[in-house]
Amino acid sequence: MNQPVSGTPAIPVITIDGPSGTGKGTIASLVAARLGWACLDSGALYRVLGLAAERAGLDPGDGEALGRLAAGLDIAFRDGRVLLAGEDVSAAIRTEGAGNFASKVAAHPQVRAALLEWQRAAARPPGLVADGRDMGTVVFPDAEVKIFLTASPEERGKRRYRQLRGQGQEANLKQLVRDIAERDERDSQRAVAPLRPAVNALVVDTTSLTIDQVLERVLDVAQQSLAGADPLGG
Ligand code: C5P
């Protein structure tokens, strides 16, 4: 269980980690909706920070300056929109460029430390579904249910391609597969909170599974682990 404030019951958490293009954001929000729980898209935090850093003209290699920016970041999630100092940046943070920049700023320990409590504070009754890279390993190490989604780089590139085209954005499949491989490499090799499954995570390869199949799998596991808490309300 997560560290309860003394005397208060702990809040159950389901973590869904994995590299980009595995569908973890979609799965996390579907699981949260099904359970009636809150949902934390931690990648959005790093993306917003990247955007704020770019606008401030900060060097993505300057961990000290980025850590200070992260500590004072005015970010809010409202009605499915992501706000930076009150401005709706939901679309601006979803480009490939924003993802790559996010992955550079996310490598700094000062940044990760500054965003840690913000993420933990997202846990609220009746429960939280959190998706990202280090939800099960660092942010919520005592989560009840830990899932790690994978898929082949080619399949992830195709999914990302369809997603971008669906949003009316330009996309080049070969370039996307290369970018994904580069981002995976940076996220897995960094010294702090590298991308890897928690020891007690269930690893699900989604390469040939539909969203519905992954959702059912995750809900099954959640139901078993949370048995007694009646997470599905029935
Ligand atoms: O998940 P998403 O693609 O939105 O994340 C963007 C980037 O933010 C990732 O490539 C990763 O470097 C970083 N990130 C992270 N830790 C998280 C979530 C995202 O380092 N928990």
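Residues numbered from 1 in each chain as written. Predicted model: local features only at pLDDT ≥ 70, side-chain atom pairs only at ≥ 80, totals over all residues. Heavy atoms only, no water.

Draft legend 1. Representation of the overall build of the chain. A tally of regular secondary structure across the chain gives 9 helices and 8 strands. In summary, the chain has a C-alpha radius of gyration of 17 Å against a globular reference of 17 Å for 234 residues, a match within 12%. The principal-axis extent of the C-alpha atoms belonging to the chain is close to 50 × 40 × 35 Å. Classification of the 234 residues of the chain by burial places 48% in the buried group. Across the chain, contacts joining residues at least 24 apart in sequence account for 75% of those joining residues at least 6 apart. Carbon and sulfur atoms form 52% of the exposed surface of the chain, whose accessible area is close to 11100 Å². Taking the average place of the 27 positive charges on the side chains of the chain and the average place of its 29 negative ones, the gap between the two points comes to 3 Å. (Helix = DSSP H or I, 4+ residues; strand = E, 2+ residues; numbered from the N terminus. Rg over C-alpha atoms; globule rule 2.2 N^0.38 Å. Buried < 20%, exposed > 50% of the residue type's maximum accessible area, 1.4 Å probe, protein only. Contact = heavy atoms within 4.5 Å. Areas by Shrake-Rupley, 256 points an atom, 1.4 Å probe, with all protein chains shown as cover. Lys, Arg positive; Asp, Glu negative; His and termini not counted. Charge placed at Lys NZ, Arg CZ, Asp CG, Glu CD.)

Draft legend 2. Representation of the sheet that holds strand β2 (residues 38–41). With respect to topology, 5 strands assemble into an open sheet ordered β2-β6-β1-β7-β8, the strand pairing being parallel. Unpaired on one side and paired on the other, β2 and β8 (202–205) mark the two borders of the sheet. Each adjacent strand pair in this sheet contributes to an overall mean axis angle of 20°, direction not counted. Where strand β1 (residues 13–17) lies against strand β6 (residues 128–132), 5 bridges are found, and the strand directions are parallel. (Pairing = 2+ DSSP bridges. Axes fitted to C-alpha atoms, helices over the stretch in contact; angles between N-to-C directions.)

Draft legend 3. Layout of the site of the ligand. As a structural note, the neighbourhood of the ligand is formed by 16 residues, with Arg47, Arg112, Arg183, Asp187 and Arg190 the closest of them. At 2.8 Å from an oxygen atom of the ligand is found a side-chain nitrogen or oxygen belonging to Arg183. One of the side-chain nitrogen or oxygen atoms of Asp187 is found 2.6 Å away from an oxygen atom of the ligand. Protein contacts shield 97% of the accessible area of the ligand, which totals 450 Å² for the unbound molecule. The element best represented in the shell around the ligand is helix α2 (residues 42–55), accounting for 4 residues. (Near = heavy atom within 4 Å. Polar contact = N/O pair within 3.5 Å; in protein donor to acceptor, adjacent residues only side chain to side chain.)

Draft legend 4. View of helix α4 (residues 96–105). Counting buried residues in α4 gives 8 out of 10 residues, a clear majority hidden from the surface. The set of residues buried in α4 consists of Glu96, Ala98, Gly99, Asn100, Phe101, Ala102, Ser103 and Val105. Where α4 is buried, its residues touch α2, α3 (63–71), α5 (109–120), α7 (153–166) and α8 (173–189).

Draft legend 5. Layout of the pairing of strand β3 (residues 75–78). Pairing of β3 with strand β4 (residues 81–84) involves 4 bridges; the strand directions are antiparallel. The residue bridging Arg78 from the neighbouring strand is Arg81, located in β4. Counting the residues that bridge the hairpin from β3 to β4 gives 2 residues, and of these Asp79 lies at a positive phi of roughly 50°.

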